[in-house]
Amino acid sequence: LSVTPKPVVLTVTGASKTYGDKDPAFEYSVEGLVTVNGVKDELKNVSLERETGEDAGEYAIMVTIDADANPNYTVTKKDGLFTINPDATEIIVSVKGHSKSLEFNGQKQSVSGFDMTSNNDAFSLEFVSYTGDSLVAGTDAQTYAMGLSAKDFKNTSVNYSNVVFDVVDGSLSVTPKPVVLTVTGA
């Protein structure tokens with residue numbers, strides 16, 4: 001009499017979490033296990049481990065089975081997929097353009113740059129890219145707008161999907177130069 005191992009299929013259940021949360025417990029199911037006297041058999045020494053990484057994205061959940069502990073079964077494994085979803089909490093990045101008020105001097109004058117802050121310390125401003133020109137210049141007495149716009153700022157983080165840019169434009173105000181006009185008698 002020759003008793004051969006029974007083929008079974010172990011399928012790892014897919015799982016997910018939101019970026020920053022703790023990993024859930026991983027689970028699996030097995031098709032084809034034998035039931036003896038009303039008790040379903042179980043595989044022994046099964047371990048699940050996911051591919052390393054903490055950024056939003058997809059990672060494999062791999063299964064390891066101790067074949068020596070399960071001599072009655074030939075196991076076909078189907079690894080699962082673990083998804084880390086981006087955090088959708090609204091993050092507001094405030095952008096304030098630099099502004100100056102200078103007196104007319106006949107020369108071209110300018111102001112450049114802006115400051116950024118975030119309402120969420122977990123979001124790093126290094127994930128903000130800027131494609132505009134944060135410089136404004138002028139000579140004559142008037143106010144010149146820098147032209148900062150929310151469309152010039154972009155969130156590049158895969159971990160935070162809901163970043164809103166609140167932009168206050170910068171400006172250069174060239175004010176008239178006060179002069180003293182003295183009339184002399186002729």
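Described below are features of the structure shown in this document. All values reported here derive from a predicted model rather than from experimental measurement. (Residues numbered from 1 in each chain as written. Predicted model: local features only at pLDDT ≥ 70, side-chain atom pairs only at ≥ 80, totals over all residues. Heavy atoms only, no water.)

**Details of the sheet that holds strand E3 (residues 28-31)**
Part 1 of the reasoning: Judged by pairing direction, the sheet is mixed, and its three strands sit side by side in the order E3-E1-E8 without closing on themselves. Taken across any chain shown, the strands that pair with only one partner, and hence form the sheet edges, are E3 and strand E8 (73-78). Each adjacent strand pair in this sheet contributes to an overall mean axis angle of 25°, direction not counted. (Pairing = 2+ DSSP bridges. Helix = DSSP H or I, 4+ residues; strand = E, 2+ residues; numbered from the N terminus. Axes fitted to C-alpha atoms, helices over the stretch in contact; angles between N-to-C directions.)

**Quick word on unusual backbone geometry**
Part 1 of the reasoning: Residue asparagine 37 is not a glycine yet carries a positive backbone phi of 50°.
Part 2 of the reasoning: At asparagine 45, a residue that is not glycine, the phi angle is positive and equals roughly 55°.
Part 3 of the reasoning: By the element assignment, asparagine 45 lies in the loop between strand E5 (39-40) and strand E6 (46-50).
Part 4 of the reasoning: According to the relative accessible area criterion, asparagine 45 is exposed, its value standing at 51%. (Buried < 20%, exposed > 50% of the residue type's maximum accessible area, 1.4 Å probe, protein only.)

**With respect to the sheet that holds strand E7 (residues 57-65)**
Part 1 of the reasoning: Pairing in this open sheet of four strands is mixed, and the strands run E2-E9-E7-E6 from one edge to the other. The two strands at the open ends of the sheet, each matched to only one other strand, are strand E2 (15-18) and E6. Going across the sheet, the axis of each strand differs from the next one's by a mean of 20°, ignoring polarity.
Part 2 of the reasoning: Two strands pair when backbone bridges link them, and E2 and strand E9 (residues 80-85) are joined in this way by four bridges, in the parallel orientation. In the strand pairing of E9, alanine 15 is matched with phenylalanine 82.

**Observations regarding the packing of aromatic side chains**
Part 1 of the reasoning: The full count for this structure, using the stated rule, is seven aromatic pairs.
Part 2 of the reasoning: Consider the rings of tyrosine 19 and tyrosine 160, whose centres lie 5.5 Å apart with planes at 75°: the pair is edge-to-face. Note that tyrosine 19 is positioned in the loop between E2 and E3 and tyrosine 160 in the loop between strand E17 (153-155) and strand E18 (163-168), a separation of 141 residues in sequence.
Part 3 of the reasoning: In this structure tyrosine 19 comes out as partly exposed when scored by relative accessible area, which is 24%.
Part 4 of the reasoning: Its relative accessible area of 8% is what places tyrosine 160 among the buried residues.
Part 5 of the reasoning: Both rings, one in phenylalanine 123 and one in tyrosine 160, keep their centres 5.7 Å apart while their planes meet at 90°; by these two values the pair is edge-to-face. Highlighted residues: phenylalanine 123 in the loop between strand E13 (114-118) and strand E14 (128-130) and tyrosine 160 in the loop between E17 and E18, separated in sequence by 37 residues.
Part 6 of the reasoning: An aromatic cluster is present here, built from Phe114, Tyr130, Phe153 and Phe165 joined pairwise through their rings. (Phe/Tyr/Trp six-rings, centres within 6.5 Å; stacked < 30°, edge-to-face > 60°.)

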